[in-house]
Amino acid sequence: MTLFKDPAFNFNGLLALGGSGAGSAEVGEVLTAVNAINKAGLSSQTYVETFRKLGDQLMEPPEGSKPDDQTTRFRALRAAQYYGQALFFVLGSDDPGSEEDLYKAGRGAWDKFCDLCDPAPVKANVPYGRTPLPVWFFRPDPSNTRRPTVILTNGSDGQNVDMWTYGVPAALERGWNALVYDGPGQGQLLFVDQVVFTPTWEKVVGPLVDWLSKRSDVDASKIGLTGLSMAGDLAPRAAAFEDRIAALVAMPGCVDPWLGFPAEIRQILTPSKEETNEIWNKEVVPQLPPDAAATMKKRIEPFSIPAMLAAREGKMFTDFYTPARLIQSLKITDVVPRIKMPTLVLDYEDEQFYPGQPQQMFDALTAPKDYVKLTAAQGAQLHCSPMAPQLHCEVVFDWLQGTLG
């Protein structure tokens, strides 16, 4: 299961490889890229260059043929995956200032894919504060048949293509609608509109439910909500205060994202902003090796626009206190008991970001609940089962079908 010796690169490479079953990657393309990166010497630069080039190639017609719409469609979906791979590491590359353009390339590939779907998803902008939420509403067919609908929620660094891999086809094949969206701290809202995460995710999901409930092809009594990665915290938070959600899936259950950061990073935070930032700037930043610095830039940017803009200039952010406090505010331990709808909590063997937290969430739930742990024996270990998204979807949608019908 080792593509790269570095765990962060390896995890992302496995995510790309896992998308093959949903058509959002090609095994040969990914492994060829992996070999090229390892041959050149693994680094953010070689990773970004290789996957960006692969995305560019797929947005062009294949050699020796005139592609039909299906070929063009799925080449664009794979391009979206590979641009997303490059985007994840671009802040550690030689050209961090290309982050927004790289996001837009991936978004363009995603939209091209969507436009060629049959039926094409309904695109809309759902009102949310000053910055509307872009949504893509997928349907099995364009009839007005009222159907169960799942709202697919991404985590802190996923792209729309990940919601395809982790849910859209599974929903459509079962006769469900599926809603994909960018929320604060994600996709367009982060990279273009410069809106960071909010701890009150019910204010994000509420407008989505409003929008869905007005549609003639949605059964408003059967709206499910899933949350992948850090959205295993966001979706349960929303469900605790949005009783129109009929079923909830946390993938994995997460009650405190702050604990996903290393202890040596968390201990920097003190009650004093001035003291915290002095420690950060004078004691921590000068000692950070380049790879650790790039990781911190990436992990903090969805919580701080100044941090994101500094990273695009190749600089480290100076205010650690403000984004750290925002991340702390995502803790939902106290609100989990408020959840009333049936809930499925997923856990993963060798979960590397939120170990133990799925069980904590499950224990705190007072609603009807189920717990499933995906394992190495199934090839489904690690955060979000990167090598087994098909199995992952089978577990989630069998449960949703059994719960909502």
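Refer to the structure above for everything that follows.
Residues numbered from 1 in each chain as written. Predicted model: local features only at pLDDT ≥ 70, side-chain atom pairs only at ≥ 80, totals over all residues. Heavy atoms only, no water.

A. Seen up close, the overall build of the chain. Across its full length, the chain holds 17 helices and eight strands. The C-alpha atoms of the chain give 20 Å as radius of gyration, which agrees with the globular expectation for 405 residues (22 Å, within 12%). Summarising its shape, the C-alpha atoms of the chain cover approximately 60 × 60 × 45 Å along the three principal directions. Scored against the burial criterion, the 405 residues of the chain give a buried share of 58%. Taking the contacts inside the chain whose residues are at least 6 apart along the sequence as the reference set, 73% of them involve residues at least 24 apart. (Helix = DSSP H or I, 4+ residues; strand = E, 2+ residues; numbered from the N terminus. Rg over C-alpha atoms; globule rule 2.2 N^0.38 Å. Buried < 20%, exposed > 50% of the residue type's maximum accessible area, 1.4 Å probe, protein only. Contact = heavy atoms within 4.5 Å.)

B. Representation of the environment of W201 within the structure. Relative to the elements of secondary structure, W201 occurs in the loop between α8 (187-191) and α9 (202-213). The buried category is assigned to W201, whose relative accessible area is 0%. Aside from chain neighbours lying at most four places away, what touches W201 is T153, Y181, G183, P184, Q186, L234, R237 and A238.

C. Structural view of the sheet that holds strand β1 (residues 122-126). If you walk across this open sheet you meet the eight strands as β1-β2-β4-β3-β5-β6-β7-β8, and the pairing is mixed. Looking at which strands have only one partner, the edges of the open sheet turn out to be β1 and β8 (369-374). Adjacent strand axes in the sheet meet at a mean angle of 20 degrees when their direction is disregarded. As judged from the six bridges shared by strand β3 (residues 147-153) and strand β5 (residues 218-228), these two strands associate in the parallel manner. Counterpart to R147 in the pairing with β5 is V218. Along the sheet, helix α5 (residues 99-115) makes contact with β1, β2 (133-138) and β4 (177-181), crossing β2 at roughly 30 degrees. (Pairing = 2+ DSSP bridges. Axes fitted to C-alpha atoms, helices over the stretch in contact; angles between N-to-C directions.)

D. Spatial organisation of the pairing of β3. Most of β3 sits inside the fold, with seven of its seven residues counted as buried. Here β3 pairs with β4 via four bridges, running parallel. Looking at the pairing, V150 lines up with A178 of β4.

E. Inspection of the pattern of salt bridges at higher detail. Evaluation of the coordinates by the stated rule reveals 16 salt bridges. Between D217 and R215 there is a salt bridge, with the nearest N and O atoms lying 2.9 Å from each other. Pair check on accessibility: D217 and R215 agree, each one buried. In this structure, D319 and K273 form a salt bridge, with 3.9 Å as the shortest nitrogen-oxygen distance. One end of the pair, D319, is in the loop between α14 (305-312) and α15 (321-328); the other, K273, is in helix α12 (residues 273-284), with 46 residues separating them in the sequence. A relative accessible area of 23% means that D319 is categorised as partly exposed. (Salt bridge = Lys/Arg side-chain N within 4 Å of Asp/Glu carboxyl O.)

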